[in-house]
Number of protein chains: 2
Amino acid sequence: MKRTHLSKLKPGKTVMVQGWVDTIRDQKSIMFLVLRDREAKVQVTILKNKMPEIAEKLEGILTDSTLKIIGKVVAAPQVKLGGIEIIPASVEVTSSAKVAPIDEKSSVDLLMDYRWIDLRDENKRAVFQVQTEILAAMRDYFVKNKFIEIMTPKITGQGTEGGAEVFEVKYYDRKAYLTQSPQLFKQMAISSGFEKVFEIGACYRAEKSYTSRHATEFFALDVELGFVEDGHCPMNCEEEMLKYVLGRVAKNCKGLLEQLGVEIHLPTGPFPRVTLLDSYKLLEDERGYIVSKAAKGDLDPEAERLLCEISREKWNSDFIFITNFPSSARPFYVMRLNDNQKITQGFDLLYKGVEITSGGQREHRPDHLRANLVDKGMNPDDMQFYIDFFEYGCPPHGGFALGIARFVARMLDLPNVRESTFLFRGPDRISP
Amino acid sequence: MKRTHLSKLKPGKTVMVQGWVDTIRDQKSIMFLVLRDREAKVQVTILKNKMPEIAEKLEGILTDSTLKIIGKVVAAPQVKLGGIEIIPASVEVTSSAKVAPIDEKSSVDLLMDYRWIDLRDENKRAVFQVQTEILAAMRDYFVKNKFIEIMTPKITGQGTEGGAEVFEVKYYDRKAYLTQSPQLFKQMAISSGFEKVFEIGACYRAEKSYTSRHATEFFALDVELGFVEDGHCPMNCEEEMLKYVLGRVAKNCKGLLEQLGVEIHLPTGPFPRVTLLDSYKLLEDERGYIVSKAAKGDLDPEAERLLCEISREKWNSDFIFITNFPSSARPFYVMRLNDNQKITQGFDLLYKGVEITSGGQREHRPDHLRANLVDKGMNPDDMQFYIDFFEYGCPPHGGFALGIARFVARMLDLPNVRESTFLFRGPDRISP
């Protein structure tokens, strides 16, 4: 007999259902049990005298055990749960649960130790149902626009982007590293003539960051476009993509968003694009806020928060691009302006108070790359493997990366990326 | 001025085009240059006397350099390439190529050293264009069928599936490992009530295998289904998904498949399902082939090849499921038959001569898992972190994994997974 999902039950039918024991009300002569599957719940009513075998099987059963039930669906107007109940003919306990080791009072750490039980909360699961639609919409956008999907290696033998914070892997008799991002490889794909590429994959950062927006392993959307004119080309692409994604999620995830109490504010106009210097001025003029000295050349978290507030007020946009970051605050591979080597084609995208993207046009000319490395106090020879990607011809190109967990957390107003990460990885957490 | 793609050129228009120098024919008073982008090529004609500045810029330029050209498209019936040519008004060399270090005579190893140049071959790129459609079709199938996409960690602190062949990661002050597959985590999602999940992600095997079908890093589709009845449920899911994928690729990638000289044989009936013992009999009866002693309890590569030949002949199917593998040849977590502990609900799927999938129903009952571990000579306490996933209730479940590069290589008749892998990783290869 084929399983009937609980959302499809109709009175009068004999069905086989499977699900979790949600609640149990065990009385002298009757037992009420609510069974749930992912989409719905139903009451199962056991008359103990009439069904002694079934009653015996269910004696002492705990919530979150799983059952397979064959029985008849009958109309039961008194039952609040859809006005129906199941009268079972046979019951099989497919899994016996022990008492759950966590409840709503458990510490964050204990909840993470038992993440698989924590995720049984339908609101926590809903995050990943919405995320499924977000990822699908992103990929659809790129596939429709003829991007090639690439799956780049996460293990690499060569130094990565020049940063120090990489995880080392024992690779047979030698050392390898986990990549911080597909940056170098997606640029390589442009050099291969792929023209437009995307990937959603894992990134690794061996930082000791304990914030609400950092993880040692996270998943990012990486995009790279060939034959761009400047940093605005990847911004145009990202903006168009995000508008498509937001529109689709608002449309296809209505129920889940309602369940989570989230409303998606659909952009009505272009995302504002403000240079970093203008953003400093905006912060001072509109909020009297002066970016901390330590962050000069960049933004601090409070500045990001305020700029998004201002963007919403002035331009009705949850998003705001910050452009023209100084070369001192950007990696060597970001292209600098022709007429001002101190300013780059690099940008960030802020969304609801948090940076979710870095991007820009890349420097694709080997001599300029070497000069940038020297300018950064690095040895160009150490990055020759990367400069090589551009020695045999490579179109001007640019792109961006967007952290999935950050984006999902912002969209769903979650306070921490841990909540939009299936299994969080941090400096002190590598299990389960 | 916005870029016009070379496939969209119309005589009479002034356009800006960007692309690669494909060929150069430099004569005394005239220079013919073919420019290519991802989709098309066009001839650019430079009359040296009339355009001395442009001629000077292009003097000595090598193929695979990139150009940005503004010019007029004119009808030129004598030009084989579409009957048009571009008469440039201005040319910018956006990237100057050096002489390529590889050609068609280069060794496989040298080609891999310069993979980004190797991939400029339009047939090699086409593999990834088809792969993009394959991945999109797979995900569409799962999203339409209400699976939740999960992105599971590739770094784990706990031993993985009990196998020894894992890569070790230096994780701050302790040891971590790269996961061999999302097996344990996708089962965890079932225990979380996600009911149906999928992931396309990276897997790591620290084996020293040098074959045409192994890599140390590869990408796999992983699927897990809750509330299954037996191993046939995941087989049904995989079969339906693959039929959808093949149909879509045949329809949407016509041009690319033609270019590659590949015809996709669409399945007309169900994929045959043959028990391992019956497959031995089939091999003996139909081909006089006896599986090598070493492979008893499993198949050897020659047996896989022959079974697919037989499947095509007898059932008109490129696919064949082999079922009922013995428990001795399957991991501890595969469910065994109720009435025969020596036989499991585990299966393989073969496609055009090669195993592309392992799957099965999983053992979700803690006491049975412990017994299986003891039977395998393992210590159940070492796997308690995993058994814990099932202690607090977990539906019966099953699933499968399919190696993407293997599947793509089979579909496109490529001899080696290296050719369907963007950047191959093997025991001796971690660059570029």
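Since this is a predicted model, take the numbers as computed values, not measurements. (Residues numbered from 1 in each chain as written. Chains lettered and ligands numbered in written order. Predicted model: local features only at pLDDT ≥ 70, side-chain atom pairs only at ≥ 80, totals over all residues. Heavy atoms only, no water.)

Moving on, we come to the overall build of chain A. Scanning chain A from terminus to terminus reveals twelve helices and 18 strands. With respect to the three principal axes, the spread of C-alpha positions in chain A is 90 × 60 × 40 Å. In chain A, the share of contacts with a sequence separation of at least 24, taken over all contacts with a separation of at least 6, comes to 64%. (Helix = DSSP H or I, 4+ residues; strand = E, 2+ residues; numbered from the N terminus. Contact = heavy atoms within 4.5 Å.)

Our focus in this paragraph is the sheet that holds strand E8 (residues 168–171) of chain A. Strand order in the open sheet formed by six strands is E7(A)-E9(A)-E8(A)-E8(B)-E9(B)-E7(B), with antiparallel pairing between adjacent strands. Looking at which strands have only one partner, the edges of the open sheet turn out to be strand E7 (155–156) of chain A together with strand E7 (155–156) of chain B. Across two bridges, E7 of chain A lies against strand E9 (residues 174–178) of chain A in antiparallel orientation. Counterpart to Ile155 of chain A in the pairing with E9 of chain A is Leu178 of chain A. (Pairing = 2+ DSSP bridges.)

Applying the stated criterion across every chain yields a total of 46 aromatic pairs over all chains. On the numbers, 4.9 Å between centres and 75° between planes, the contact of Phe142 of chain A with Phe147 of chain A is edge-to-face. The exposure class assigned to Phe142 of chain A is buried, which follows from its relative accessible area of 0%. With relative accessibility at 5%, the residue Phe147 of chain A sits in the buried group. For the pair Tyr171 of chain A and Phe167 of chain B, a centre-to-centre distance of 4.9 Å together with 10° between the ring planes defines the contact as stacked. (Phe/Tyr/Trp six-rings, centres within 6.5 Å; stacked < 30°, edge-to-face > 60°. Buried < 20%, exposed > 50% of the residue type's maximum accessible area, 1.4 Å probe, protein only.)

Further remarks concern the relation of the copies chain A and chain B. Laying chain A over chain B is done by rotating through 180° and shifting 0.0 Å along the axis; what remains is an RMSD of 0.1 Å. Expressed as a symmetry operation, the mapping of one chain copy onto the other fits a two-fold axis. No C-alpha of chain A approaches the rotation axis more nearly than that of Val169 of chain A, which lies at 2.2 Å. Of the interface residues in chain A, 100% have counterparts in chain B that sit at the interface too, so the contact is made through matching surfaces. (Least-squares fit on C-alpha atoms with pLDDT ≥ 70 in both.)

Moving on, we get to unusual backbone geometry. All names here are of chain A. The omega angle of the peptide bond from Ser431 to Pro432 is -5°, so this bond is cis rather than trans. The topology assignment puts Pro432 in the segment after helix H12 (404–411). A positive phi angle is found at Lys352, which is not glycine, with a value near 45°. Along the chain, the position of Lys352 falls in the loop between strand E16 (346–351) and strand E17 (354–361).

A few words on the interface of chain A and chain B. Note: interface size is frequently given as the accessible area lost on complex formation between the parts. Each partner contributes to the interface: chain A provides 104 residues, whereas chain B provides 104 residues. Around 8700 Å² of area is buried between chain A and chain B when both sides are counted, 60% of it from carbon and sulfur atoms. At the boundary of chain A and chain B, one finds seven salt bridges. One salt bridge in this structure joins Lys68 of chain B and Glu229 of chain A, with 2.8 Å as the shortest N-O distance. For the pair chain A and chain B, the number of links is 50 residue pairs in polar contact (both at pLDDT 80 or more). (Buried area = accessible area lost by both parts, 1.4 Å probe. Salt bridge = Lys/Arg side-chain N within 4 Å of Asp/Glu carboxyl O. Polar contact = N/O pair within 3.5 Å; in protein donor to acceptor, adjacent residues only side chain to side chain.)

Further remarks concern the confidence of the model for chain A. Per-residue confidence for chain A gives a mean pLDDT of 96, with 99% of residues at or over 70. Among the prediction metrics, the complex's ipTM stands at 0.97, with pTM recorded as 0.97. (pLDDT = per-residue confidence, 0-100.)

A separate point is the packing of helix H8 (residues 276–287) of chain B against helix H9 (residues 301–315) of chain B. Residue and element names in this part refer to chain B. Remark: H8 packs on H9, axes separated minimally by 10 Å, with the N-to-C direction vectors making an angle of 75°. By the angle between their directions, the pair H8 and H9 is classed as roughly perpendicular. Taking contact as the criterion, the partners of Ser279, Leu282, Leu283, Glu286 and Arg287 in H8 are, on H9, Ala303, Leu306, Leu307, Glu309, Ile310, Glu313, Lys314 and Trp315. Partitioned by chemical class, the residues of the contact of H8 with H9 number seven nonpolar, one polar and five charged. (Axes fitted to C-alpha atoms, helices over the stretch in contact; angles between N-to-C directions. Parallel < 35°, antiparallel > 145°, perpendicular 65-115°, else oblique. Nonpolar A, V, L, I, M, F, W, Y, C, P; charged D, E, K, R; others polar.)

So, about the pairing of strand E10 (residues 196–204) of chain A. Residue and element names in this part refer to chain A. Counting buried positions over the nine residues of E10 gives eight, a clear majority of the element. As paired strands, E10 and strand E11 (residues 217–226) are joined by nine bridges and run antiparallel to one another. Bridging from a neighbouring strand, Lys196 pairs with Leu225 of E11.

The next point concerns helix H10 (residues 366–375) of chain B. Residue and element names in this part refer to chain B. Taken together, the buried positions of H10 are occupied by Pro366, Leu369, Asn372 and Leu373. For H10, the angular spread of the buried residues around the axis is 120°, confining them to a single face. Projecting away from the buried face of H10 at angles above 90 degrees are the exposed residues Val374 and Asp375. If you follow the buried residues of H10, they end up packed against strand E14 (336–337), strand E15 (340–344) and helix H11 (384–387). Within two residues after H10, Gly377 carries a phi angle of roughly 75°, on the positive side. (Arc of directions from axis to C-beta.)

Looking now at the nonpolar core. Counting 177 residues, the largest nonpolar core has Leu221 and Phe407 of chain A together with Leu221 and Phe407 of chain B as the members making the most contacts within it. Discounting chain neighbours no more than four positions away, the residues touching Phe407 of chain B are Ile134, Met138, Leu242, Val245, Leu246, Phe319, Tyr351, Ile356 and Leu402 of chain B. (Core = buried A, V, L, I, M, F, W, Y, C linked by side-chain atoms within 4.5 Å.)

Next up on the list: the environment of Pro101 of chain A. Mapping Pro101 of chain A onto the fold places it in the loop between strand E5 (84–95) and helix H2 (108–113). Separated by ten residues in the primary sequence, Pro101 of chain A and Leu111 of chain A have C-alpha atoms spaced 9.1 Å apart. Not counting the four nearest positions on each side in its chain, Pro101 of chain A is found in contact with Ser106, Leu110, Tyr114 and Ile117 of chain A together with Tyr392 of chain B.

What follows is about the side chain of Thr132 of chain A. Among the secondary structure elements, Thr132 of chain A is positioned in helix H4 (residues 122–144). Engagement of the side chain of Thr132 of chain A in a polar contact is seen with the backbone oxygen of Phe128 of chain A, the distance being 2.7 Å. Excluding residues that lie within four positions of it along the chain, Thr132 of chain A makes contacts with Val143, Phe147, Ile148 and Glu149 of chain B.

The subject of this paragraph is the pairing of strand E18 (residues 397–403) of chain B. Residue and element names in this part refer to chain B. Buried residues dominate E18, accounting for six of its seven residues. The pairing of strand E11 (residues 217–226) with E18 spans seven bridges and is antiparallel. Residue pairing across strands places Glu224 opposite Gly399, the latter belonging to E18. Bridge count between strand E17 (residues 354–361) and E18: five bridges; the pairing is antiparallel. In the strand pairing of E18, Ser358 is matched with Ala401.

On to a positive patch on the surface, then. Together, Lys8, Lys10 and Lys13 of chain A together with Lys146 of chain B give the surface a local cluster of positive charge. Structurally, the position occupied by Lys10 of chain A is in the segment before strand E1 (14–26). Its relative accessible area of 54% is what places Lys10 of chain A among the exposed residues. (Patch = residues over 30% accessible without salt bridge, like charges linked within 9 Å, V, L, I, M, F, W, Y side chains within 5 Å. Areas by Shrake-Rupley, 256 points an atom, 1.4 Å probe, with all protein chains shown as cover. Lys, Arg positive; Asp, Glu negative; His and termini not counted. Charge placed at Lys NZ, Arg CZ, Asp CG, Glu CD.)

The next subject is the sheet that holds strand E1 (residues 14–26) of chain B. Residues and elements named next belong to chain B. A barrel is described by the order of its strands in space; here five strands give the closed sequence E1-E2-E3-E5-E4, paired in mixed fashion. Neighbour-to-neighbour, the strand axes of the sheet open up by a mean angle of 55°, direction not taken into account. Sheet topology note: the strand E2 (residues 30–36)/strand E3 (residues 41–47) ladder contains seven bridges and is antiparallel. Paired with Val34 across the bridge in E3 is Gln43.

Applying the stated criterion across every chain, the model contains 71 salt bridges over all chains. For Asp140 of chain A, the salt bridge identified is with Arg248 of chain A, shortest N-O distance 2.5 Å. Here Asp140 of chain A is found in helix H4, whereas its partner Arg248 of chain A is found in helix H6 (residues 232–252), with 108 residues between them in sequence. Close ionic contact of Arg3 of chain B with Asp37 of chain B constitutes a salt bridge, the shortest N to O distance being 3.6 Å.

Among the secondary structure elements, Ile30 of chain B is positioned in strand E2. Filtering out sequence-adjacent residues up to four positions away, Ile30 of chain B remains in contact with Arg25, Thr45, Ile46, Leu47 and Lys48 of chain B.

The next subject is helix H6 (residues 232–252) of chain B. A rise of 1.5 Å per residue sets the reference length of H6 of chain B, with its 21 residues, at 30 Å; its end C-alpha atoms lie 30 Å apart and thus fit the reference within 8%. Buried within H6 of chain B we find Pro234, Met235, Cys237, Glu238, Glu239, Met241, Leu242, Val245, Leu246, Arg248, Val249 and Ala250 of chain B. (Expected span 1.5 Å × (residues − 1).)

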